[in-house]
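Tertiary structure, described
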Amino acid sequence: MSIRNADATRQRILDAARHEFARYGVAGARVNRIAEAAECNKQLLYAYYGDKNGLYAATREEVTRQTASGVPFDADDLPGYAGRLFDHHQRHPENLRLISWAQLEGLSTETISPAGSESVYQKIAAIRAAQERGAVRADRSPEEILALVLKLSALGSPGSPESTYPGKTPADFRRLVVSAVHELVATAQNRQSTVT
């Protein structure tokens, strides 16, 4: 098998796995269904990823890389970042479901997604630096700010309870997310300049 074909097969497996894990979680996912959707045999899947947990870890890494490259992090513009991340969640709702399953099943992010853990540490360091420059309020820890920004960016995502609120559109939720993150991170000076 050529390198190009092997890469294409790996990508088909990861795409099929993303849909399977998002729908059924890690425990409920079936390698047979993933192999069938990826148009490959189970032995090849095991050869590439070891087992179902290895495949889930590879899928999480892929989701993390795609999100990081599609939604660049900017600690000096956390409201803008939250809005772009909200948009990404709207386009890729399976990513949030895939991550939620792991949380429900008690899987450790550090174990299953080293890239995700590294990404979190980099964001925390960037927020800390922005706080030191006075660009982000410093009365909350960088960890708290990041956690709130990430949670707020998922508000109104497809399948969430609030996404069914009557009369509320994704655009409404996006405006709310950006505004809430602005209020969360704005320094007193930034809040004053916005008001005047």
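The sections below set out a description of the structure shown in this document. Please read these numbers as outputs of a predicted model, since none were measured by experiment.

1. Comments concerning the packing of aromatic side chains
Summed over all chains, the structure comprises 4 aromatic pairs. With centroids separated by 6.1 Å and ring planes inclined at 75 degrees, the aromatic side chains of Tyr 48 and Tyr 49 adopt a geometry described as edge-to-face. A relative accessible area of 14% means that Tyr 49 is categorised as buried. Ring centres 6.4 Å apart and planes at 50 degrees place the aromatic pair Tyr 165 and Phe 173 in the tilted group. Its relative accessible area of 47% is what places Tyr 165 among the partly exposed residues. Geometry around Tyr 48 places Arg 10 over its ring, the cationic atom sitting 4.1 Å from the centre. The lysine or arginine in question, Arg 33, covers the ring of Tyr 24, its NZ or CZ lying 4.0 Å from the ring centre.

2. Quick word on helix α2 (residues 31-38)
For α2, every residue scored as buried is listed here: Val 31, Ile 34, Ala 35 and Ala 38. Angularly, the buried residues of α2 cover 95 degrees about the axis, an arc narrow enough to put them on a single face. Opposite the packed face of α2, turned more than 90 degrees from it, sit the exposed residues Glu 36 and Ala 37. Glu 39 occupies a position one or two residues after α2 and carries a positive phi of about 55 degrees.

Cut-offs used in this document
Residues numbered from 1 in each chain as written. Predicted model: local features only at pLDDT ≥ 70, side-chain atom pairs only at ≥ 80, totals over all residues. Heavy atoms only, no water. Phe/Tyr/Trp six-rings, centres within 6.5 Å; stacked < 30°, edge-to-face > 60°. Buried < 20%, exposed > 50% of the residue type's maximum accessible area, 1.4 Å probe, protein only. Lys NZ or Arg CZ within 6 Å of the ring centre and 35° of its normal. Helix = DSSP H or I, 4+ residues; strand = E, 2+ residues; numbered from the N terminus. Arc of directions from axis to C-beta.

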